[in-house]
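Breakdown of the fold
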Amino acid sequence: MAVERINYQAGKTACTGALVYDDRVSGLRPLLLMSPNWLGVSDDSVKRAATIAGSKYVIFVADMYGDGKIPAGPPEAGPLANAIRADALERRQRIAAALDTLRSEGTKRKIGDLKRQAAVGFCFGGGNVLELARAGADLQAVICLHGDLLTPLPARRGDIKAAICVMHGAKDPVVPKHDRDIFEAEMEAAGAKWQMSIFGGLLHSFCEAESDLPGIACFDPGAARQCYRMIDDFATAAFEAKL
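The rules behind these values
In every chain, residue numbers begin from 1 and rise along the written sequence. In keeping with the predicted nature of the model, local features appear solely for residues at pLDDT of at least 70, side-chain atom pairs appear and are counted solely at 80 or more, and the whole-chain, interface and lining totals rest on all residues. Water and hydrogen atoms play no part in the side-chain values, which are based on all heavy atoms of the structure. Each salt bridge in this description consists of a side-chain nitrogen of Lys or Arg and a carboxyl oxygen of Asp or Glu lying within 4 Å of one another. Strands here mean DSSP runs of E at least two residues long; helices mean DSSP runs of H or I at least four residues long; both are numbered from the N terminus. Exposed residues in this analysis have more than 50% of their type's maximum accessible area, buried residues have under 20%, and partly exposed residues fall in between, with area computed by a 1.4 Å probe over protein chains only. Two residues form a contact once any of their heavy atoms are found within 4.5 Å. Pairing between strands requires that DSSP locate at least two bridges from one strand to the other. Axes here refer to lines fitted to C-alpha atoms; in helices the fit is confined to the stretch in contact. Angles between the N-to-C directions go from 0 to 180 degrees. Two aromatic rings from Phe, Tyr or Trp, using only the six-membered ring of Trp, form a pair when their centres are within 6.5 Å; if the ring planes differ by under 30 degrees the pair is stacked, by over 60 it is edge-to-face, and anything between is tilted. Here, over-ring charges are defined by two tests on the NZ atom of lysine or the CZ atom of arginine: distance to the ring centre within 6 Å, and angle to the ring normal within 35 degrees.

1. Here's the deal with the pattern of salt bridges
Summed over all chains, the structure comprises 17 salt bridges. A salt bridge links Arg85 to Asp148, with the nearest nitrogen and oxygen atoms 2.8 Å apart. Here the residue Arg85 occupies a position in helix α2 (residues 74-85), and Asp148 occupies one in the loop between β6 (141-145) and β7 (163-169), the gap between them amounting to 63 residues. Exposure remark for Arg85: the relative accessible area of 26% places this residue in the partly exposed category. Note that Arg134 is salt-bridged to Glu186, the shortest N-O span being 2.7 Å. Of this pair, Arg134 sits in helix α4 (residues 124-134) while Glu186 is found in helix α5 (residues 177-190), placing the two residues 52 residues apart along the sequence. Both residues of the pair, Arg134 and Glu186, count as buried.

2. Brief notes about the environment of Val41
You can see Val41 is positioned in the loop between β3 (29-35) and α1 (43-53). In this structure Val41 comes out as buried when scored by relative accessible area, which is 5%. Between the C-alpha atoms of Val41 and Ala62, which are 21 residues apart in sequence, the distance is 7.1 Å. Excluding residues within four positions of it along the chain, Val41 makes contact with Arg5, Thr16, Ala18, Pro36, Val46, Val61, Ala62, Asp63 and Ile70.

3. Here's the deal with the side chain of Ser45
Locating Ser45 in the fold gives a position in helix α1. In contact with Ser45, other than residues within four places in its own chain, are Met34, Pro36, Gly40 and Val61.

4. Some thoughts on the sheet that holds strand β5 (residues 112-122)
Read across the sheet, 8 strands follow the order β1-β2-β4-β3-β5-β6-β7-β8 without closing on themselves; strand pairing throughout is mixed. What marks the edges here is a single partner per strand, and that holds for β1 (2-10) and β8 (194-199). For this sheet, the mean inter-axis angle between neighbouring strands, taken without regard to orientation, is 20 degrees. Looking at chain direction, β3 and strand β4 (residues 58-61) are connected through 4 bridges and run parallel. If you follow Leu32 over to β4, its bridge partner there is Ile59.

5. As for α4
The element α4 is largely enclosed, with a buried count of 11 among its 11 residues. Among all positions of α4, only Phe124, Gly125, Gly126, Gly127, Asn128, Val129, Leu130, Glu131, Leu132, Ala133 and Arg134 are buried. Residue Gly136 follows α4 closely and has a positive phi angle near 85 degrees.

6. A few points about the packing of aromatic side chains
A complete count under the given rule lists 5 aromatic pairs for this structure. Their ring planes at 75 degrees and their centres at 6.4 Å tell us that Phe122 and Tyr228 sit as a pair that is edge-to-face. Taken as a pair, Phe122 in strand β5 and Tyr228 in helix α6 (residues 221-242) lie far apart in primary sequence, 106 residues in all. Given the relative accessible area of 0%, Phe122 is considered buried. Look at Phe199 and Phe206: their rings are 5.2 Å apart centre to centre, the planes differ by 40 degrees, and that puts the pair in the tilted class. Judged on exposure class, the residue Phe199 and its partner Phe206 are both buried. One cation-aromatic arrangement involves Arg48 over Phe122; the distance from NZ or CZ to the ring centre is 5.4 Å.

Next comes the structure, spelled out in C-alpha coordinates:
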(Lines give C-alpha, C1' and ligand atoms only; values in the text may rest on other atoms or scores of the structure.)
Protein backbone atom coordinates (compact mmCIF):
# COMPACT_ATOMS: atom_id res chain seq x y z
CA MET A 1 0.00 0.00 0.00
CA ALA A 2 1.44 3.36 -1.04
CA VAL A 3 1.31 6.24 1.46
CA GLU A 4 2.59 9.54 0.10
CA ARG A 5 2.78 12.73 2.15
CA ILE A 6 1.49 15.59 0.02
CA ASN A 7 2.10 19.27 0.74
CA TYR A 8 -0.63 21.65 -0.34
CA GLN A 9 -2.00 25.09 0.43
CA ALA A 10 -5.35 25.97 2.00
CA GLY A 11 -5.56 29.73 1.70
CA LYS A 12 -2.67 31.00 3.82
CA THR A 13 -2.23 27.70 5.64
CA ALA A 14 0.46 25.21 4.59
CA CYS A 15 -0.93 21.69 4.97
CA THR A 16 0.39 18.14 4.63
CA GLY A 17 -2.04 15.32 3.94
CA ALA A 18 -1.58 11.66 3.04
CA LEU A 19 -2.43 10.05 -0.30
CA VAL A 20 -3.20 6.36 0.25
CA TYR A 21 -3.74 3.79 -2.49
CA ASP A 22 -2.79 0.29 -3.60
CA ASP A 23 0.08 0.84 -6.02
CA ARG A 24 -0.14 -2.76 -7.24
CA VAL A 25 -3.49 -2.04 -8.91
CA SER A 26 -3.76 -0.36 -12.29
CA GLY A 27 -6.62 1.65 -13.73
CA LEU A 28 -8.90 4.38 -12.42
CA ARG A 29 -10.49 4.07 -8.99
CA PRO A 30 -13.05 6.21 -7.13
CA LEU A 31 -11.65 9.17 -5.21
CA LEU A 32 -12.46 9.22 -1.49
CA LEU A 33 -11.55 12.24 0.63
CA MET A 34 -11.12 11.28 4.29
CA SER A 35 -11.27 13.86 7.06
CA PRO A 36 -9.90 12.28 10.26
CA ASN A 37 -10.91 12.91 13.85
CA TRP A 38 -9.49 15.77 15.87
CA LEU A 39 -6.15 13.99 16.24
CA GLY A 40 -5.40 14.97 12.64
CA VAL A 41 -3.21 13.13 10.13
CA SER A 42 -2.01 10.61 12.71
CA ASP A 43 -0.62 7.13 12.16
CA ASP A 44 -4.01 5.74 13.22
CA SER A 45 -5.86 7.83 10.64
CA VAL A 46 -3.50 6.75 7.85
CA LYS A 47 -3.90 3.09 8.84
CA ARG A 48 -7.68 3.57 8.80
CA ALA A 49 -7.45 5.09 5.33
CA ALA A 50 -5.46 2.09 4.11
CA THR A 51 -8.08 -0.28 5.52
CA ILE A 52 -10.92 1.57 3.79
CA ALA A 53 -9.02 2.07 0.54
CA GLY A 54 -8.02 -1.55 -0.01
CA SER A 55 -7.63 -2.07 -3.73
CA LYS A 56 -10.80 -0.11 -4.50
CA TYR A 57 -10.26 3.57 -3.60
CA VAL A 58 -7.73 6.35 -3.83
CA ILE A 59 -7.92 8.17 -0.49
CA PHE A 60 -6.55 11.50 0.60
CA VAL A 61 -6.38 12.17 4.36
CA ALA A 62 -7.06 15.87 4.87
CA ASP A 63 -4.95 18.08 7.12
CA MET A 64 -7.28 20.60 8.77
CA TYR A 65 -4.71 22.19 11.10
CA GLY A 66 -1.70 22.80 8.89
CA ASP A 67 1.77 23.91 9.92
CA GLY A 68 2.73 20.37 10.94
CA LYS A 69 0.28 20.22 13.85
CA ILE A 70 -0.58 16.67 14.95
CA PRO A 71 -2.06 16.67 18.47
CA ALA A 72 -0.69 14.14 20.95
CA GLY A 73 -4.13 13.69 22.54
CA PRO A 74 -7.48 15.33 23.37
CA PRO A 75 -6.05 18.17 25.52
CA GLU A 76 -4.10 19.42 22.49
CA ALA A 77 -6.73 18.50 19.92
CA GLY A 78 -9.68 20.27 21.55
CA PRO A 79 -8.49 23.88 21.11
CA LEU A 80 -7.31 23.22 17.55
CA ALA A 81 -10.58 21.61 16.46
CA ASN A 82 -12.72 24.21 18.25
CA ALA A 83 -10.89 27.05 16.50
CA ILE A 84 -11.81 25.50 13.14
CA ARG A 85 -15.41 24.85 14.25
CA ALA A 86 -15.77 28.50 15.21
CA ASP A 87 -15.04 29.71 11.66
CA ALA A 88 -17.29 27.90 9.18
CA LEU A 89 -15.89 29.70 6.14
CA GLU A 90 -12.31 28.79 7.03
CA ARG A 91 -13.43 25.24 7.76
CA ARG A 92 -14.97 24.99 4.31
CA GLN A 93 -11.91 26.49 2.65
CA ARG A 94 -9.58 23.98 4.29
CA ILE A 95 -11.63 20.88 3.49
CA ALA A 96 -12.25 22.13 -0.08
CA ALA A 97 -8.48 22.56 -0.57
CA ALA A 98 -7.99 18.94 0.48
CA LEU A 99 -10.59 17.81 -2.06
CA ASP A 100 -8.86 19.80 -4.79
CA THR A 101 -5.57 18.15 -3.84
CA LEU A 102 -7.09 14.67 -4.03
CA ARG A 103 -8.43 15.42 -7.49
CA SER A 104 -5.14 16.81 -8.80
CA GLU A 105 -2.97 14.05 -7.31
CA GLY A 106 -5.28 11.30 -8.54
CA THR A 107 -5.32 12.81 -12.02
CA LYS A 108 -1.54 13.30 -12.10
CA ARG A 109 -0.94 9.63 -11.28
CA LYS A 110 -3.69 8.48 -13.65
CA ILE A 111 -5.37 6.48 -10.88
CA GLY A 112 -8.33 8.68 -9.91
CA ASP A 113 -11.76 8.53 -11.53
CA LEU A 114 -13.19 12.05 -11.48
CA LYS A 115 -16.63 10.66 -12.29
CA ARG A 116 -16.73 8.87 -8.92
CA GLN A 117 -15.98 11.06 -5.93
CA ALA A 118 -17.03 10.85 -2.29
CA ALA A 119 -15.96 12.07 1.16
CA VAL A 120 -15.98 10.41 4.57
CA GLY A 121 -15.27 11.93 7.97
CA PHE A 122 -14.91 10.73 11.55
CA CYS A 123 -16.06 12.84 14.53
CA PHE A 124 -14.61 16.34 13.94
CA GLY A 125 -13.89 15.11 10.41
CA GLY A 126 -17.52 14.18 9.93
CA GLY A 127 -18.45 17.79 10.53
CA ASN A 128 -15.81 18.86 8.02
CA VAL A 129 -17.22 16.74 5.19
CA LEU A 130 -20.77 17.86 6.01
CA GLU A 131 -19.60 21.46 5.57
CA LEU A 132 -18.18 20.43 2.21
CA ALA A 133 -21.61 19.10 1.24
CA ARG A 134 -23.37 22.23 2.50
CA ALA A 135 -21.05 24.33 0.36
CA GLY A 136 -22.27 22.48 -2.73
CA ALA A 137 -19.21 20.34 -3.48
CA ASP A 138 -19.57 18.26 -6.63
CA LEU A 139 -19.50 14.83 -4.96
CA GLN A 140 -21.76 11.82 -5.27
CA ALA A 141 -21.66 10.86 -1.58
CA VAL A 142 -20.73 12.35 1.80
CA ILE A 143 -20.54 10.02 4.80
CA CYS A 144 -20.33 11.21 8.40
CA LEU A 145 -19.47 8.83 11.24
CA HIS A 146 -20.30 10.06 14.77
CA GLY A 147 -19.59 13.58 13.59
CA ASP A 148 -20.43 17.22 14.28
CA LEU A 149 -23.92 17.82 12.90
CA LEU A 150 -24.59 21.50 13.58
CA THR A 151 -23.38 24.50 11.63
CA PRO A 152 -23.67 28.29 11.80
CA LEU A 153 -24.27 28.22 8.02
CA PRO A 154 -27.14 25.78 7.39
CA ALA A 155 -27.72 24.64 3.84
CA ARG A 156 -30.40 26.34 1.80
CA ARG A 157 -32.71 24.51 -0.52
CA GLY A 158 -30.79 23.11 -3.48
CA ASP A 159 -27.31 23.72 -2.01
CA ILE A 160 -26.44 20.08 -1.41
CA LYS A 161 -25.51 17.97 -4.44
CA ALA A 162 -24.19 14.86 -2.66
CA ALA A 163 -26.21 12.07 -1.13
CA ILE A 164 -25.56 12.15 2.63
CA CYS A 165 -25.23 9.25 5.06
CA VAL A 166 -24.83 9.76 8.82
CA MET A 167 -23.96 6.98 11.29
CA HIS A 168 -24.39 7.90 14.93
CA GLY A 169 -24.56 6.46 18.42
CA ALA A 170 -27.90 6.80 20.23
CA LYS A 171 -26.14 7.71 23.50
CA ASP A 172 -23.52 10.04 22.02
CA PRO A 173 -23.07 12.75 24.70
CA VAL A 174 -20.98 14.95 22.41
CA VAL A 175 -23.63 15.23 19.68
CA PRO A 176 -26.95 14.37 21.40
CA LYS A 177 -30.42 13.80 19.98
CA HIS A 178 -31.19 17.52 20.10
CA ASP A 179 -28.45 18.08 17.52
CA ARG A 180 -29.69 15.19 15.40
CA ASP A 181 -33.18 16.73 15.32
CA ILE A 182 -31.81 20.10 14.16
CA PHE A 183 -29.71 18.37 11.50
CA GLU A 184 -32.72 16.39 10.26
CA ALA A 185 -34.77 19.58 9.94
CA GLU A 186 -31.92 21.24 8.03
CA MET A 187 -31.60 18.35 5.58
CA GLU A 188 -35.33 18.27 4.94
CA ALA A 189 -35.51 22.03 4.41
CA ALA A 190 -32.55 21.84 2.03
CA GLY A 191 -34.20 19.09 -0.01
CA ALA A 192 -31.16 16.87 0.44
CA LYS A 193 -31.04 13.16 -0.29
CA TRP A 194 -29.99 11.86 3.11
CA GLN A 195 -30.21 9.02 5.59
CA MET A 196 -29.18 8.41 9.19
CA SER A 197 -28.43 5.12 10.93
CA ILE A 198 -28.62 5.18 14.74
CA PHE A 199 -26.66 2.55 16.68
CA GLY A 200 -28.44 1.82 19.95
CA GLY A 201 -26.49 2.13 23.18
CA LEU A 202 -23.32 3.46 21.58
CA LEU A 203 -21.38 6.54 22.66
CA HIS A 204 -19.16 8.84 20.61
CA SER A 205 -16.30 7.61 18.36
CA PHE A 206 -17.47 4.00 18.32
CA CYS A 207 -15.53 3.33 15.09
CA GLU A 208 -12.15 4.40 16.50
CA ALA A 209 -10.21 2.37 19.05
CA GLU A 210 -7.76 5.20 19.75
CA SER A 211 -10.51 7.61 20.86
CA ASP A 212 -11.82 5.86 23.99
CA LEU A 213 -12.77 8.28 26.79
CA PRO A 214 -14.73 6.85 29.73
CA GLY A 215 -18.36 7.92 29.63
CA ILE A 216 -17.88 9.85 26.39
CA ALA A 217 -16.38 7.68 23.65
CA CYS A 218 -16.15 3.90 23.43
CA PHE A 219 -14.94 1.72 20.57
CA ASP A 220 -17.31 -1.02 19.37
CA PRO A 221 -15.51 -3.37 16.95
CA GLY A 222 -18.68 -4.95 15.56
CA ALA A 223 -20.31 -1.60 14.82
CA ALA A 224 -17.02 -0.36 13.33
CA ARG A 225 -16.87 -3.28 10.90
CA GLN A 226 -20.49 -2.69 9.93
CA CYS A 227 -19.90 1.02 9.36
CA TYR A 228 -16.87 0.39 7.16
CA ARG A 229 -19.03 -1.88 4.99
CA MET A 230 -21.73 0.81 4.93
CA ILE A 231 -19.21 3.41 3.72
CA ASP A 232 -18.47 1.29 0.67
CA ASP A 233 -22.10 0.27 0.08
CA PHE A 234 -23.38 3.86 0.27
CA ALA A 235 -20.63 5.30 -1.92
CA THR A 236 -21.02 2.55 -4.52
CA ALA A 237 -24.78 3.05 -4.71
CA ALA A 238 -24.30 6.80 -5.11
CA PHE A 239 -21.76 6.29 -7.90
CA GLU A 240 -24.10 3.90 -9.73
CA ALA A 241 -27.03 6.29 -9.41
CA LYS A 242 -25.06 8.97 -11.26
CA LEU A 243 -23.96 6.76 -14.16
